[in-house]
Amino acid sequence: MALIDLANPTRFLALTARILPWLAAATVILMAVGLQQAWTAPDDYQQGATVKIMFVHVPNAWLAMFVWIVMSIAALGTLVWRHPLADVAAKAAAPLGAAFTFVALVTGSLWGRPTWGTYWEWDARLTSVLILFLMYLGLIALWRAVEDPSRAARAASILTLVGAINIPIIKFSVEWWNTLHQPASLIRSGGTSIHPSILIPLLIMAVAFSLLFLTLHLAAMRNEILRRRVRTLQMMQAQA
Amino acid sequence: MSGNYAHFIISAYALTALAVAALTIWVVTDYRRQQAALRDLEARGVSRRSGRTEAS
C-alpha cells in the first residue's frame, strides 16, 4: 500500500484494523518490560528512590511536546496540502496530548515536593507547560464549539500553528531563565549525563509511551472517521 | 523503596496508570458507540449514495 493511499479514509480504516492489535500487543509488552526495568533500577545517589518518578514523568513530558508537533504538522496538512485525514489526525491527537501534559504536570509536582521542597513554582518551565495544557483544552473546546468539521479544522489549525511557538520556549526555558527545573540531561551537547542503569529503563519507557500514543492515536483517528460518517448519514436522513 | 517518599512514587505511578486506563476506555467505548450508531442508521435504510468515502 502506497503512502498516498492512506489519504483514502476507507483504506486507512482497513490498515488500522490490521495493525492496531499488533501495536497494542507491542505496547503492552514494552510497557511491562519498561516497568520491570524501572522498578529494579538503582536509586539515584542524590534523589534516592524518588528518581523512579522520572520513568513516568519524562516520557509524558516528551509526549506532551511531541503531540503538539504532530498536531502542527497536521495543521500544515490541513491549511497547505488539504490532506483529507490531516484535521482528523489533529483532532484525535488533542485529548491524548492534554492527558500526557496533565500527567507530566502532576507527576512533576509529585517529584518536585521531595526534591525541591515544593509542589509548584511559577518558573519558566512549569508555567510554559501549564500554558501548553491550557492550549490543549482550548483546542478541544474549539472543536466542540464549531459544528462544521471543516470550519473547525481551519480555526484549530491556525491556533495550533500559533501555539507551536510555545514548544521551543518549553524546551529551552531551562537554559534561557533561572528555574528550579533541572537542565536537559539526555539530549544535550557533550552527550547524556545519565548513568546507563537509569538511562536504559528510561529509554524503554519512552519508546513504550510513544507506542502507546501511536496505538491510541490511530484508534482515535478511526473513531473520528466513523463519527463523521455517522454525521453525514444523519444529515442525509434529515434531508430525506 | 525509601519509606518517606513511597507515597509520592506510588501516587505518580497510580495517576499514570489511571490516565492510560481512562484513555484506553475512552477510545474503546467511543469506537463501540460509533459502530452502534452506524449499524442503527444502516438498519433504518440510511446509507451513502455512492461508494465514495468521506473524512470531513
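What you see as residue numbers is a count from 1 along each chain, following the sequence as written. Chains carry letters and ligands carry numbers; both start at the beginning, A for chains and 1 for ligands, and go up in the order they are written. Per-residue local features of the predicted model are confined to residues with pLDDT of at least 70, and side-chain atom pairs are confined, for both listing and counting, to 80 or more; whole-chain, interface and lining totals are unaffected and use all residues.

## Description of the overall build of chain A
Inference 1: Think of it this way: any DSSP run of H or I at least four residues long counts as a helix, any run of E at least two long counts as a strand, and we number them from the N terminus. Assigned secondary structure in chain A consists of seven helices and zero strands.
Inference 2: Secondary structure of chain A in N-to-C order comes out as α-α-α-α-α-α-α.
Inference 3: For chain A, the spread of C-alpha atoms along the principal axes amounts to about 70 × 35 × 30 Å.
Inference 4: Any residue whose C-beta has 12 or fewer other C-beta atoms within 10 Å is treated as exposed, any with 20 or more as buried, and any in between as partly exposed, C-beta atoms being built from the backbone. Among the 240 residues that make up chain A, the fraction classed as buried is 38%.
Inference 5: Taking the contacts inside chain A whose residues are at least 6 apart along the sequence as the reference set, 77% of them involve residues at least 24 apart. Contact between two residues is assigned whenever their backbone-derived C-beta positions fall within 7 Å.

## Some remarks on the nonpolar core
Inference 1: Only buried residues count toward a nonpolar core: Ala, Val, Leu, Ile, Met, Phe, Trp, Tyr and Cys, linked into one set through C-beta atoms within 7 Å. Of all hydrophobic cores here, the largest spans 66 residues; its most connected members are A:Ala64, A:Val67, A:Met71, A:Ala89, A:Ala90, A:Ala93 and A:Leu96.
Inference 2: Secondary structure elements with two or more residues in this core: helix 1 (9–40), helix 2 (54–81), helix 3 (86–116), helix 4 (124–145), helix 5 (149–163) and helix 7 (196–239) of chain A together with helix 1 (6–43) of chain B.
Inference 3: No other element matches helix 3 of chain A, which puts 16 residues into this core.
Inference 4: With near-sequence residues (within four places) excluded, A:Ala93 lies in contact with A:Val67, A:Val70, A:Met71 and A:His217.

## Quick look at the environment of A:Trp143
Inference 1: With respect to the helices, strands and loops of the structure, A:Trp143 is situated in helix 4.
Inference 2: Every residue in contact with A:Trp143, bar those within four places of it in the chain, is listed here: A:Lys91, A:Ala152 and A:Ala156.

## Structural notes on the interface of chain B and chain A
Inference 1: Facing 26 residues of chain B, the contacting portion of chain A comprises 42 residues.
Inference 2: Put simply, Ala, Val, Leu, Ile, Met, Phe, Trp, Tyr, Cys and Pro go in the nonpolar bin, Asp, Glu, Lys and Arg in the charged bin, and everything else, Gly too, in the polar bin. For the side of chain B that touches chain A, a count of residues per class yields 17 nonpolar, seven polar and two charged.

## Some remarks on helix 1 of chain A
Residues and elements named next belong to chain A.
Inference 1: One fewer than the residue count of a helix, multiplied by 1.5 Å, yields its expected span. Compared with an ideal rise of 1.5 Å per residue, which puts 32 residues at 46 Å, helix 1 spans 44 Å between its outermost C-alpha atoms and is within 8% of the ideal.
Inference 2: Residue Ile 19 marks the point of greatest curvature in helix 1, where the axis turns by about 40 degrees; the proline Pro 21 follows within four residues.
Inference 3: Residues of helix 1 that are buried make contact with helix 2 and helix 7. Fitting axes to the seven residues that end at a residue and to the seven that start at it, the angle between those axes gives the bend at that residue.

## Re the packing of helix 3 of chain A against helix 7 of chain A
All names here are of chain A.
Inference 1: Direction vectors running N to C along helix 3 and helix 7 enclose 125 degrees, while the axes themselves pass 8 Å from each other. Between helix 3 and helix 7, the interaxial angle falls into the category oblique. You can see that helix 3 and helix 7 cross each other, and the crossing is right-handed. In this structure, helix 3 contributes Val 88, Ala 89, Lys 91, Ala 92, Ala 93 and Leu 96 to the contact, and helix 7 contributes Phe 213, Leu 216, His 217, Ala 220, Met 221, Glu 224 and Ile 225.
Inference 2: Partitioning the contact of helix 3 with helix 7 into residue classes produces ten nonpolar, one polar and two charged. Angles run from 0 to 180 degrees between N-to-C directions of axes, and those axes are lines fitted to C-alpha atoms, restricted for helices to the stretch in contact. For classification, angles of less than 35 degrees are called roughly parallel, those exceeding 145 degrees roughly antiparallel, those between 65 and 115 degrees roughly perpendicular, and all remaining angles oblique. By convention the crossing between two helices is left-handed if the near helix lies anticlockwise of the far one by an angle smaller than a right angle, and right-handed if it lies clockwise.

## Some details on the packing of helix 4 of chain A against helix 6 (residues 166–176) of chain A
In a packed pair of helices, the relevant descriptors are the angle between the two axes and the axis-to-axis distance.
Residue and element names in this part refer to chain A.
Inference 1: Between helix 4 and helix 6, the least distance of the axes is 8 Å, while the angle of their chain directions is 170 degrees. Here helix 6 runs roughly antiparallel to helix 4, going by the angle between their axes. Classified by chirality, the crossing of helix 6 by helix 4 is left-handed. Counting all contacts with helix 4, which are made through Ala 124, Arg 125, Ser 128, Val 129, Ile 131, Leu 132 and Met 135, the residues of helix 6 involved are Asn 166, Ile 169, Ile 170, Ser 173, Val 174 and Trp 176.
Inference 2: Among the residues making up the contact of helix 4 with helix 6, the classes are represented as nine nonpolar, three polar and one charged.

## Remarks on the confidence of the model for chain B
Residue and element names in this part refer to chain B.
Inference 1: pLDDT expresses how confident the predictor is about each individual residue, on a scale running from 0 to 100. Confidence in the prediction for chain B averages 84 pLDDT; 79% of positions are at 70 or higher.
Inference 2: With pLDDT under 50 throughout, residues 50–56 is counted as low confidence; its partners more than four residues away or in other chains account for 18 contacts.
Inference 3: Listed scores for the predicted complex are pTM 0.89 and ipTM 0.87.

## With respect to helix 1 of chain B
Inference 1: Between the first and last C-alpha of helix 1 of chain B there are 55 Å, a value that for 38 residues agrees with the 56 Å anticipated at 1.5 Å per step.
Inference 2: Burial in helix 1 of chain B covers these residues: B:Phe8, B:Ile9, B:Ala12, B:Thr16, B:Val20, B:Leu23 and B:Val27.
Inference 3: Residues of helix 1 of chain B that are buried make contact with helix 2, helix 3 and helix 7 of chain A.
Inference 4: Two residues or fewer past helix 1 of chain B, B:Gly45 is found with a positive phi of approximately 85 degrees.

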